[in-house]
Amino acid sequence: GERRFARTWTKVRTRRSSAGDVAGVLLPGDTVLVDSLRGGWWRVAFEGRVLGYVHQSTLEMESAAPGP
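Numbers given to residues run from 1 along each chain, matching the order in which its sequence is written. Reporting in this predicted model follows two pLDDT cut-offs: at least 70 for local features of residues, and 80 or more for side-chain atom pairs to be given and counted; totals over whole chains, interfaces and linings ignore these cut-offs and use all residues. Excluding hydrogens and water, the side-chain figures rest on all heavy atoms present in the structure.

Novice: Pulling in residues and values, what's your account of unusual backbone geometry?
Specialist: Even without glycine at this site, serine 36 takes up a positive phi of about 55°. Helix and strand assignments follow DSSP, with helices taken as H or I runs no shorter than four residues and strands as E runs no shorter than two, numbered in order from the N terminus. By the secondary structure assignment, serine 36 is in strand S4 (residues 31-38). Using a relative accessible area of 25% as the deciding quantity, one classes serine 36 as partly exposed. Each residue is placed in one exposure class: buried if its accessible area under a 1.4 Å probe, protein chains only, is under 20% of its type's maximum, exposed if it is over 50%, and partly exposed if it falls in between.

Novice: So what's going on with the nonpolar core? Which residues, and what values?
Specialist: Residues Ala6, Val12, Leu26, Val32, Val34, Trp42, Val44, Val54 and Leu59 constitute the largest nonpolar core, which totals 9 residues. Broken down by secondary-structure element, the contributors of at least two residues to this core are S4 and strand S5 (41-46). Working rule for contacts: check all heavy atoms of both residues, and any pair within 4.5 Å makes them a contact. In this structure, valine 34 is in contact with Gly1, Glu2, Arg4, Trp42, Arg43, Val44 and Leu59, ignoring residues within four places of it in sequence. We define a nonpolar core as any set of buried Ala, Val, Leu, Ile, Met, Phe, Trp, Tyr and Cys residues linked to one another through side-chain atoms lying within 4.5 Å.

Novice: Outline the pairing of S5, listing residues and values.
Specialist: Whether two strands pair depends on DSSP finding at least two bridges between them. Direction of pairing for S4 relative to S5: antiparallel, over a ladder of 4 bridges. Counted as the bridge partner of leucine 33 is alanine 45 from S5. Counting the residues between successive antiparallel strands, the hairpin from S4 to S5 contains 2 residues, one of them, glycine 39, with a positive phi of roughly 60°. Sheet topology places S5 next to strand S6 (residues 49-55); 6 bridges connect them, and they run antiparallel. Residue pairing in the sheet places alanine 45 in a bridge with valine 50 of S6. Taken together, S5 and the strand that follows it, S6, pair antiparallel across an intervening segment of 2 residues, in which glutamate 47 is found at a positive phi of about 50°.

None of this, on its own, says anything about what the molecule does.
Listed below in structure tokens is the structure:
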């Protein structure tokens with residue numbers, strides 16, 4: 001998977017939809033591994049365990065640096 005970090009408080013859902021139940025919450029700066037992007041939703045794993053699904057708009061690439 002690829003590393004991403006939560007931009008803000010981020011709800012982890014049980015399915016790829018905002019209608020899915022909340023399986024957990026990521027805190028700003030939490031680092032997760034993502035894979036399987038479908039319909040704008042990443043499958044996310046934290047500390048080796050799959051948590052659920054997070055919308056791509058709530059995650060950033062960890063290596064992204066601010067512009068000049």
